[in-house]
Amino acid sequence: MRRAGSIAVALHDVEPATFERCALIRDWLDDHGIERVTLLVIPAPDLHPFNDRRPEMVQWLAECAGRGDAIAQHGFQHRASAAAPRRSNPAAEFLGLDGDETRRAVEAGRRVLRLAGVRPRGFVAPAYAYTDALRETLAASFDWWASLSRIYAPARSTLAPALTLGTSSAVKRLASPWLVRAGALAAGDVLRLDLHPADLDHPRHIGAVEGVLQRAHRRVRHAVTYDDLAL
């Protein structure tokens, strides 16, 4: 159940190539009082099931889930298709796909996760790039899905704008830590923070996140997952 004064941290792009970094970030968050996190797992980067590349990820995810973390499906392969419009985000894999292609990709990813013993309740599209076909598929398949601004569940949606750091350009690297700090100050009942493995390569990003987490601790915000917000 969602509680007032909560913080929902999501760790994006959990996959074999980022596994060590993600495990370190998860421990770092725990050191800062974030006992529960939503882990966004890419089922098949480069079309290879994640558990074939890194079998140890299965045990780690099970341990995280046992401690209260939520595990959500993060697309299928996290790479845009040839049908995507020009200049699309390279991770926006559902842009340009028709309804059948969308359903096949979503179900293939879900099947990979289930075979690894992971049963996600929710879904977050790579780059938050949704289409009508994807929304329709998710409504029939998952308990919730998350956009950049809301968590959608069958009975309701929860307003929770995500604070996100940027690393893809000098402007984003310069501006996003300030924007995250400002957004955290203005957050309402739910403070939602997105983290990516590359964020902790940048000292200003680390400082911004630590500042947000320390303030959340002082305000006694309770750590929740997206599964909680969908209840």
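The structure displayed is predicted, hence computed values, not measured ones. (Residues numbered from 1 in each chain as written. Predicted model: local features only at pLDDT ≥ 70, side-chain atom pairs only at ≥ 80, totals over all residues. Heavy atoms only, no water.)

Engineer: Explain unusual backbone geometry to me, and be specific about the residues and the numbers.
Structural biologist: What you tend to see is this: most non-glycine residues have negative phi, and most peptide bonds are trans. Despite not being glycine, Asp 13 has its phi angle at roughly 60°, a positive value. Along the chain, Asp 13 turns up in strand β1 (residues 6-14). Residue Val 220 is not a glycine yet carries a positive backbone phi of 55°. With respect to the helices and strands, Val 220 occurs in the loop between α7 (203-218) and β10 (222-224). Given a relative accessible area of 55%, Val 220 falls into the exposed group. (Helix = DSSP H or I, 4+ residues; strand = E, 2+ residues; numbered from the N terminus. Buried < 20%, exposed > 50% of the residue type's maximum accessible area, 1.4 Å probe, protein only.)

Engineer: Which residues make up the environment of Ala 44, and what values go with them?
Structural biologist: Its location among the elements puts Ala 44 in the loop between β2 (38-41) and α2 (50-53). Of the residues examined, Ala 44 reaches a relative accessible area of 1% and is grouped as buried. If we skip the residues at most four places from it in the chain, Ala 44 touches Pro 49, Phe 50, Phe 76 and Gln 77. (Contact = heavy atoms within 4.5 Å.)

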